[in-house]
Amino acid sequence: MDFMIPVTAGNWLFAFLPIVILLVLLVKFRWGAAEAGAFTWFLVVLISVFVYKTSIHTLALETVKGVWSAVFSILVVVWPAILIYEVTYEAGAFGPFRKGIEKVTPNRLLQVMAFSWGFAGFLQGVTGFGVPVAIAAPLLVGIGVRPLYAVIFALIGHAWNNTFGTLSVSWAALKDVAQLSGPEVAVTALYAGMFIWLFNLVAGLTICWLYGRGKGIKEGLPAVLAISIMQGGGTLLLSQWNDNISGFVAGVLGFLVVFILGRTKWYNKPSNITDSPILFDSIQAEDKTSKDKEMGFHLAFSPYYILLALTLVILLIQPIKLALAFWQISIPFPSTVTGYGFANAETAAYGAFTPLNHGATFLLAAALIGYAIFKFKGYINVGGIGRILGRTVEKCIPATIAMVSLTALSVLMRDTGQATVLAYGVGSATGMFYAFMSPFVGILGAFMTGSNVASNLLFGSFQQTAAHVIGANEAVILGAQTAGGAAGNVIAPGNVLLGTTTVGLLGSEGEVLRVTMVVALGLAVVMGVAIMLIM
Amino acid sequence: MDSKTKILTISALLCFLATPFLYIGGQSGSLGNAVLGLLIFCIGMAIPPILGLIKRGDF
């Protein structure tokens, strides 16, 4: 242990208190993320200073780190994601878009699965950084899904691909901190792949359940099995072959199989479920975006084609990706240390942001080119740019303050040792039972940081040590860590906020969490039981 | 832009405005800058919950 904070019940409870308060404010009292996040930030500051012995200088630097991370990790995605949505909305492209999807399959349940699970999972395979949620949630609204469920589905449907998606950046982080090599990599990837497949299956079944309860499961089961075999099974198998692109390939296979399913006897006709609570009135959905002159599907989808083309060309062709990485924006920080000796090393390039090969830039470029196409084709009327920018700013401002507060508080908790005390407390209190708790630690890391990568960096080494101490299989525990980190993305306030902002549901984060928390924690319980059985 | 968004814009701007003071204060060990930055940041952070309480009639 490289710090001297006593892991006492008091210190543990003080570290846990802000998480409880944040969740209570969001879920019980239904505060918006901006209000709850800001309030909880004050609490974290007080606990950091008076319990975790943090000096004013450290507090100042950690606050800047939080703001920097909020801007260059999340807000750079939020702003252009909202812009691309508003451009598409202003052009009236969602109506024709939905009609085009209906030609692939008239079955609404498969349409919902296609976007929330197939497409979002595919996007996570290449982009990450919250882009799948920011793109899939508004598209789901466009095909008639209620905004609240659109956010829930996008969160649940994309998160399985967090570990091996984005060209396996989270997996690489875990390998790095745990110093895995050779056979250890393959065995850990095997367990991680198994847990991720389980998560993937739960995601598909949850979408079906929310769509039509038992009838939804019955109707959706063939599609769930087919998509899950491609996505989860594909990830598991491919991780043994090439762990760098397994998430991407599995995401592509999972999306493509939807088009085949649309031609089968199960899904080439409308759904038998006619009263799904997740859909709003179809006429209302169409009126929202209708125009006198209706465009074709491919034109309606053109901003997203551009996004896909930019993403695939730049991120998958390594020489281009590396060439564009030359421009990097970062900030240096000196080392910080608390009164307990919890130290954060000096960093020369904190939160490095590479604008030219970042998903945020692709989103911005796609929005601008999409606007130019729609304008040229006559689908955006005079004054359209003003309306687009006005609505974008109105949505972005509350999201900005919410993200700044949430990121600032999570960075402060991380860098003053509170997150570590939480994890060590769980480890020391549970003993042999720790194996069951290991996915919860992964979830905690992602909840606090909004990232599978950060969760693995924060707790990967700790989980490995804990496994060693209790004599558990390290590969199983590390697999649970990263799968838990992926699952934690469905409850990470930043991701939830990304979804609510892009569908115009800001302030309803608690409503989303009520559902996604059950999914994440339920999954962790199932994973925990599976781990205990494996041991 | 409605009045709530305008106030939240000020809140966000205050938080961003505070960061140079916080950074210089933390980097150079200047207590004055750090305290000034924290004060500005705290004002920015206090606005959303206060707005929320006023909206709910609790304040």
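Residues numbered from 1 in each chain as written. Chains lettered and ligands numbered in written order. Predicted model: local features only at pLDDT ≥ 70, side-chain atom pairs only at ≥ 80, totals over all residues. Heavy atoms only, no water.

J.: How do you make sense of the overall build of chain A when you look at a structure like this?
T.: On a plain count of helices and strands, chain A comes out with 22 helices and four strands. Seen through its C-alpha atoms, chain A measures out along the principal axes to roughly 70 × 50 × 50 Å. Taken over 535 residues, chain A has a buried fraction of 61%. In chain A, of all internal contacts separated by at least 6 residues, the share reaching a separation of at least 24 is 82%. About 18,900 Å² of surface is accessible on chain A, with carbon and sulfur atoms providing 69% of the total. Positive and negative charge centroids in chain A, built from 27 and 22 side chains respectively, lie 9 Å apart. (Helix = DSSP H or I, 4+ residues; strand = E, 2+ residues; numbered from the N terminus. Buried < 20%, exposed > 50% of the residue type's maximum accessible area, 1.4 Å probe, protein only. Contact = heavy atoms within 4.5 Å. Areas by Shrake-Rupley, 256 points an atom, 1.4 Å probe, with all protein chains shown as cover. Lys, Arg positive; Asp, Glu negative; His and termini not counted. Charge placed at Lys NZ, Arg CZ, Asp CG, Glu CD.)

J.: Would you take a moment to explain the pattern of salt bridges for this structure?
T.: For side chains of opposite charge, pairing can occur when their charged atoms come near one another. Residue and element names in this part refer to chain A. On inspection of all chains with the given rule, the structure shows eight salt bridges over all chains. Close ionic contact of Glu86 with Lys395 constitutes a salt bridge, the shortest N to O distance being 2.8 Å. A residue pair is termed long-range when its members are at least 10 positions apart, and Glu86 in helix H3 (residues 56–90) and Lys395 in helix H16 (residues 384–415) qualify at 309 residues. In this structure, Glu86 and Lys395 share a single accessibility class: buried. Via salt bridges that share partners, Glu86, Glu90, Arg387, Arg391 and Lys395 belong to a single interconnected network. (Salt bridge = Lys/Arg side-chain N within 4 Å of Asp/Glu carboxyl O.)

J.: Honestly, the packing of aromatic side chains in this entry has me stumped. Any pointers?
T.: Each aromatic ring pair is described using two quantities: the centre-to-centre distance and the angle formed by the ring planes. Residue and element names in this part refer to chain A. All chains considered together, the criterion is met by 25 aromatic pairs over all chains. Ring geometry for Tyr149 and Phe153: centres 6.1 Å apart, planes at 50 degrees, overall tilted. Of this pair, Tyr149 and Phe153 both sit in helix H7 (residues 147–159), four residues apart, which is roughly one turn of that helix. For the pair Tyr149 and Phe153, a shared accessibility class is recorded, and that class is buried. An angle of 80 degrees between the planes, with centres 5.3 Å apart, marks the rings of Phe333 and Tyr350 as edge-to-face. Taken together, the residues Phe333 in strand S1 (residues 329–333) and Tyr350 in strand S4 (residues 347–353) connect sequence positions 17 residues apart. An aromatic cluster is built from Phe115, Phe119, Phe122, Phe255, Phe259, Phe297, Phe301, Tyr304 and Tyr305, whose rings are joined through pairwise contacts. Looking at Lys65, its charged tip hangs above the ring of Phe333, at a distance of 5.4 Å from the centre. (Phe/Tyr/Trp six-rings, centres within 6.5 Å; stacked < 30°, edge-to-face > 60°. Lys NZ or Arg CZ within 6 Å of the ring centre and 35° of its normal.)

J.: I would appreciate a short explanation of unusual backbone geometry in the present structure.
T.: Glycine aside, the phi torsion of most residues is negative, and most peptide linkages are trans. Residues and elements named next belong to chain A. The phi dihedral of Arg30 falls on the positive side, at around 55 degrees, and the residue is not glycine. Summarising the element assignment, Arg30 is placed in the loop between helix H1 (9–28) and helix H2 (33–50). At Gln179, a residue that is not glycine, the phi angle is positive and equals roughly 50 degrees. Positionally, Gln179 belongs in the loop between helix H8 (165–178) and helix H9 (183–239).

J.: Teacher, can you tell me more about the nonpolar core here?
T.: The tendency in soluble globular proteins is for nonpolar side chains to be buried side by side. Residue and element names in this part refer to chain A. Counting 201 residues, the largest nonpolar core has Phe119, Ile135, Val145 and Phe153 as the members making the most contacts within it. Counting residues per element, this core draws most heavily on H3, which supplies 19 residues. Contact partners of Phe153, with chain neighbours within four places excluded, come to Val112, Ser116, Leu140, Val145, Ile207, Leu210 and Ile278. (Core = buried A, V, L, I, M, F, W, Y, C linked by side-chain atoms within 4.5 Å.)

J.: When you look at the environment of A:Tyr434 in this model, what are you seeing that I'm missing?
T.: Residues and elements named next belong to chain A. Structurally, Tyr434 can be placed in helix H18 (residues 434–449). Overall, Tyr434 belongs to the buried group, its relative accessible area being 1%. In sequence terms Tyr434 and Ile470 are 36 residues apart; their C-alpha atoms lie 8.0 Å from each other. When near neighbours in sequence (up to four residues on either side) are disregarded, Tyr434 contacts Val426, Gly427, Val441, Phe462, Gln463, Ala466, Ile470 and Ile477. For Tyr434, the side chain forms a polar contact with the side chain of Gln463, separated by 2.7 Å. (Polar contact = N/O pair within 3.5 Å; in protein donor to acceptor, adjacent residues only side chain to side chain.)

J.: Can you help me understand the interface of chain A and chain B in this one?
T.: How large an interface is tends to be reported as the accessible area lost when its parts come together. Contacts between the two partners involve 30 residues from chain A and, on the opposite side, 32 residues from chain B. Overall, the association of chain A and chain B removes approximately 2,500 Å² of surface from exposure, summing both partners, and the carbon and sulfur fraction of that is 81%. It is A:Glu35, A:His57 and A:Ile401 that lose the most area in chain A upon contact with chain B, and together they represent 22% of the buried surface on that side. Counting across the interface, chain A meets chain B through zero salt bridges. (Buried area = accessible area lost by both parts, 1.4 Å probe.)

J.: Would you take a moment to explain the packing of H1(A) against H2(A) for this structure?
T.: For any two helices packed against each other, the geometry is given by the interaxial angle and the distance between the axes. Residues and elements named next belong to chain A. One can describe the packing of H1 onto H2 by two numbers: an axis separation of 9 Å at closest approach and a directional angle of 165 degrees. When the axis of H1 is compared with that of H2, the two are roughly antiparallel. Two packed elements cross with a definite hand, and for H1 against H2 that hand is right-handed. Counted together, Phe14, Leu17, Pro18, Ile21, Leu22, Leu25 and Leu26 of H1 and Ala33, Ala36, Gly37, Phe39, Thr40, Leu43, Val44 and Ile47 of H2 form the full contact between these two elements. (Axes fitted to C-alpha atoms, helices over the stretch in contact; angles between N-to-C directions. Parallel < 35°, antiparallel > 145°, perpendicular 65-115°, else oblique. Left-handed = near helix turned anticlockwise from the far one by under 90°.)

J.: What should I look at first to understand the state of the cysteines in this one?
T.: A covalent bond between the sulfur atoms of two cysteines is what we call a disulfide. Considering all chains together, one arrives at zero disulfides over all chains under this definition. Here A:Cys396 is not cross-linked by a disulfide; its sulfur's nearest cysteine counterpart is in B:Cys15, at 16 Å. Residue classification places A:Cys396 among the buried residues on the basis of a relative accessible area of 5%. Free cysteine: B:Cys42, not disulfide-bonded; nearest cysteine sulfur from B:Cys15 at 9.1 Å. (Disulfide = S-S within 2.5 Å.)

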